[in-house]
Amino acid sequence: MLCYSCGKQKNELHPKKSVIMDGVQLFMCQVCIDLKHEPRWVIILGGRQKGPESVREYIIKRLYTGKTISAEELIA
């Protein structure tokens, strides 16, 4: 199975509720949970729905895996 956050294949994933988007259930590896990561796509969707300020900390501290999230992605 693939971790929703890092996308790596893991033998064991844990269910975790998204901090950014209410009601979204994620399946993540323990490493991503310990690092307090959120999936990149959740950060982008959360930023679009609630505004960029709501995901500012995740972007600045880079609490996700993947390429840098641009302002265009948040307002598209």
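Description of the structure in this document. (Residues numbered from 1 in each chain as written. Predicted model: local features only at pLDDT ≥ 70, side-chain atom pairs only at ≥ 80, totals over all residues. Heavy atoms only, no water.)

1. Points about the pattern of salt bridges
- If you walk through the whole model with that rule in mind, you get three salt bridges.
- E73 serves as the salt-bridge partner of R40, at 2.9 Å between the closest nitrogen and oxygen. Here the residue R40 occupies a position in helix 2 (residues 40-50), and E73 occupies one in helix 4 (residues 71-75), the gap between them amounting to 33 residues.
- Assessed through its relative accessible area of 17%, R40 is described here as buried.
- Taking the relative accessible area as the measure of exposure, E73 reaches 19% and is therefore buried. (Salt bridge = Lys/Arg side-chain N within 4 Å of Asp/Glu carboxyl O. Helix = DSSP H or I, 4+ residues; strand = E, 2+ residues; numbered from the N terminus. Buried < 20%, exposed > 50% of the residue type's maximum accessible area, 1.4 Å probe, protein only.)

2. Observations concerning the packing of aromatic side chains
- Taken as a whole, this structure holds one aromatic pair when the rule is applied.
- A ring pair is formed by Y4 and F27, whose centres lie 5.9 Å apart and whose planes are at 75°; its orientation type is edge-to-face. Pair noted here: Y4 is in the segment before strand 1 (14-17) and F27 is in strand 2 (residues 25-28), with a separation of 23 residues, a long-range link.
- Overall, the relative accessible area of 37% leaves Y4 in the partly exposed class.
- F27 sits in the partly exposed class, given a relative accessible area of 34%. (Phe/Tyr/Trp six-rings, centres within 6.5 Å; stacked < 30°, edge-to-face > 60°.)

3. Looking at the nonpolar core
- Counting residues in each nonpolar core, the largest one holds 19 residues, and the members touching the most others are C3, I20, C29, C32, I43 and I69.
- Those elements that place two or more of their residues in this core are strand 2 and helix 2.
- Of all the elements, helix 2 adds the most residues to this core, at three residues.
- The contacts of I69, once residues within four sequence positions are left out, are R40, I43, I44, I59, Y64 and L74. (Core = buried A, V, L, I, M, F, W, Y, C linked by side-chain atoms within 4.5 Å. Contact = heavy atoms within 4.5 Å.)

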